[in-house]
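Listed below, chain by chain, are the residues.
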Amino acid sequence: MKVIDHLKNAKKTLFSFEILPPLKGKSIDSIYEGIDPLMEFEPSFIDVTYHRQEYVYKKHSNGLLEKVSVRKRPGTVGICAAIINKYGVDAVPHLICGGFSKEETENALIDLQFLGIHNALLLRGDAIKTEANFEPEPGGHAYAIDLLKQVVNMNNGIYLDEELNHVAPTNFCIGVAGYPEKHFEAPNMDMDLKYLKMKVDAGADYIVTQMFFDNKKFFEFVNKCREIGINVPIIPGLKTLTSKNQLNILPSIFHIDIPQALTEAAIACKDDKQVKQVGIEWGIEQTKELIKMGVPSIHFYTMGKSEATKTIAKATF
Ligand code: FAD
């Protein structure tokens with residue numbers, strides 16, 4: 001079933017979450033270990049992130065460096081198919097512009113259709129370590145909206161080769177990303193929202209937000225979206241703070257703020273076990289308020305670790 005249909009049919013706030021494919025070489029059991037404990041909350045859909053290939057320099061015994069490509073977390077599409085097969089829950093693969101030509105994107109979308117996967121969260125992706133700024137693949141897409149337009153075309157039966165006859169239109173439900181604290185590259189919030197509206201006007205069915213720890217920022221973001229005519233469902237994304245390290249890591253990777261009260265409470269903890277408890281209590285309060293305000297779904301960034309999300313869900317769903 002499409003995410004948008006889950007949202008339309010919902011009588012209460014839905015529960016959904018996101019996982020990462022395991023590191024290359026690990027078994028899919030590690031994925032199931034992260035999903036099993038959350039099944040009691042009847043997730044409407046499970047997102048699986050996409051991780052593009054990176055380049056590393058390998059030093060040989062003769063001192064020469066070799067540039068080799070590595071994909072640390074392959075398996076997004078396979079994991080989605082496995083989730084649908086094992087749990088009967090809809091899986092949402094993330095698809096990115098980075099590393100894909102339009103041809104490769106088209107072929108990936110065809111694979112998804114053949115597997116019966118009719119959902120996708122469409123993203124640009126970030127720069128890899130060897131790039132100063134995001135660089136599209138030659139013949140690939142520069143922005144999420146360009147990828148989205150390709151998917152919308154396929155939904156209308158328009159493939160890259162316009163000479164193909166009697167093509168089967170695809171049937172994708174399309175999600176896109178939104179940023180309550182602004183995307184870090186956008187010059188200001190208004191421009192970021194203008195581009196978000198362009199994605200919605202071009203055919204996005206719903207928005208999932210970047211993680212945030214201050215609900216006020218989410219509510220302000222939703223209000224601004226509605227003011228400029230973005231009327232699709234907006235799903236808040238939540239992550240639980242589980243260690244002191246994350247006080248620096250999360251803002252630096254995801255370009256978000258951690259509220260002063262949460263920061264001070266975490267710093268006062270004697271170890272990460274206590275920080276996790278503080279993070280869970282914070283997450284419970286955030287979740288309760290979001291449910292009270294009638295958000296369509298709450299999307300938990302579990303990063304493959306279910307314990308904190310399980311405790312929050314038990315207290316709130
Ligand atoms: P875009 O919508 O293309 O926006 C990127 C920037 O360009 C923004 O600053 C925007 O304001 C601006 N912009 C947009 N359109 C235009 C335009 N036409 N002209 C000029 N400027 C424009 N990354 C992964 O690699 N894999 C994942 O699985 C993944 N999952 C994610 C899930 C969620 C819910 C979120 C919020 C992010 C995820 N990301 C993932 C990270 C994401 O790829 C990055 O945040 C990336 O930097 C931006 O992606 P986007 O789709 O928002 O880009």
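All of these numbers come straight from a predicted model, not from anything done at the bench. (Residues numbered from 1 in each chain as written. Predicted model: local features only at pLDDT ≥ 70, side-chain atom pairs only at ≥ 80, totals over all residues. Heavy atoms only, no water.)

A. Examining the pattern of salt bridges more closely. For the coordinates displayed, the defined rule picks out 10 salt bridges. Across the salt bridge formed by Glu 131 and Arg 52, the nearest N and O atoms sit 3.3 Å from each other. Of the two residues, Glu 131 sits in the loop between strand S6 (119–123) and helix H5 (144–155) while Arg 52 sits in the loop between strand S2 (45–48) and strand S3 (54–59), which places them 79 residues apart along the sequence. Residue class for Arg 52 comes out buried when judged on its relative accessible area of 12%. Taking the shortest distance from any N to any O, the salt bridge between Lys 216 and Glu 220 comes out at 3.5 Å. Residue Lys 216 and its partner Glu 220 are located together in helix H7 (residues 215–227), separated by 4 residues, close to a single helical turn. Judged by its relative accessible area of 55%, Lys 216 is exposed. Here Glu 220 falls in the partly exposed class, since its relative accessible area comes to 37%. The network of salt bridges with common partners includes Glu 40, Lys 310 and Lys 314. (Salt bridge = Lys/Arg side-chain N within 4 Å of Asp/Glu carboxyl O. Helix = DSSP H or I, 4+ residues; strand = E, 2+ residues; numbered from the N terminus. Buried < 20%, exposed > 50% of the residue type's maximum accessible area, 1.4 Å probe, protein only.)

B. Structural view of the side chain of Thr 263. You can see Thr 263 is positioned in helix H9 (residues 260–267). In contact with Thr 263, not counting residues within four places along its chain, are Leu 247 and Ile 258. (Contact = heavy atoms within 4.5 Å.)

C. Up close: the site of the ligand. Lining the immediate environment of the ligand, one finds 22 residues, of which Asp 126, Tyr 179, His 183, Asp 192 and Lys 199 sit closest. A distance of 2.5 Å separates an oxygen atom of the ligand from a polar atom in the side chain of Asp 126. Taking His 183, its side chain carries an N or O atom lying 2.7 Å from an oxygen atom of the ligand. Looking at which element gives the most residues to the shell around the ligand, the answer is helix H6 (residues 189–201), with 3 residues. Class assignment of the residues belonging to the shell around the ligand gives a composition of 12 nonpolar, 5 polar and 5 charged. (Near = heavy atom within 4 Å. Polar contact = N/O pair within 3.5 Å; in protein donor to acceptor, adjacent residues only side chain to side chain. Nonpolar A, V, L, I, M, F, W, Y, C, P; charged D, E, K, R; others polar.)

D. Molecular detail of the nonpolar core. Formed by 59 residues in total, the largest nonpolar core has its most connected members in Ile 19 and Ile 83. Those residues in contact with Ile 19 that lie beyond four places of it in its chain are Ile 31, Ile 35, Ile 46, Asp 47, Val 48, Thr 49, Ile 79, Ile 83, Thr 302 and Gly 304. Formed by 30 residues, the second largest nonpolar core is a distinct cluster that contains Val 3, Leu 7, Tyr 50 and Val 275. (Core = buried A, V, L, I, M, F, W, Y, C linked by side-chain atoms within 4.5 Å.)

E. A look at helix H4 (residues 102–114). Between its first and last C-alpha, H4 extends 18 Å over 13 residues, near the 18 Å set by a 1.5 Å rise per residue. Among the residues making up H4, those that are buried are Thr 105, Glu 106, Ala 108, Leu 109, Leu 112 and Gln 113. Down the axis, H4 shows its buried residues gathered within 165° of arc, on one side only. Here the buried face of H4 lies against helix H3 (76–87), strand S5 (90–96) and H5. Immediately beyond the C-terminal end of H4, within one or two residues, lies Gly 116, with a positive phi of roughly 80°. (Expected span 1.5 Å × (residues − 1). Arc of directions from axis to C-beta.)

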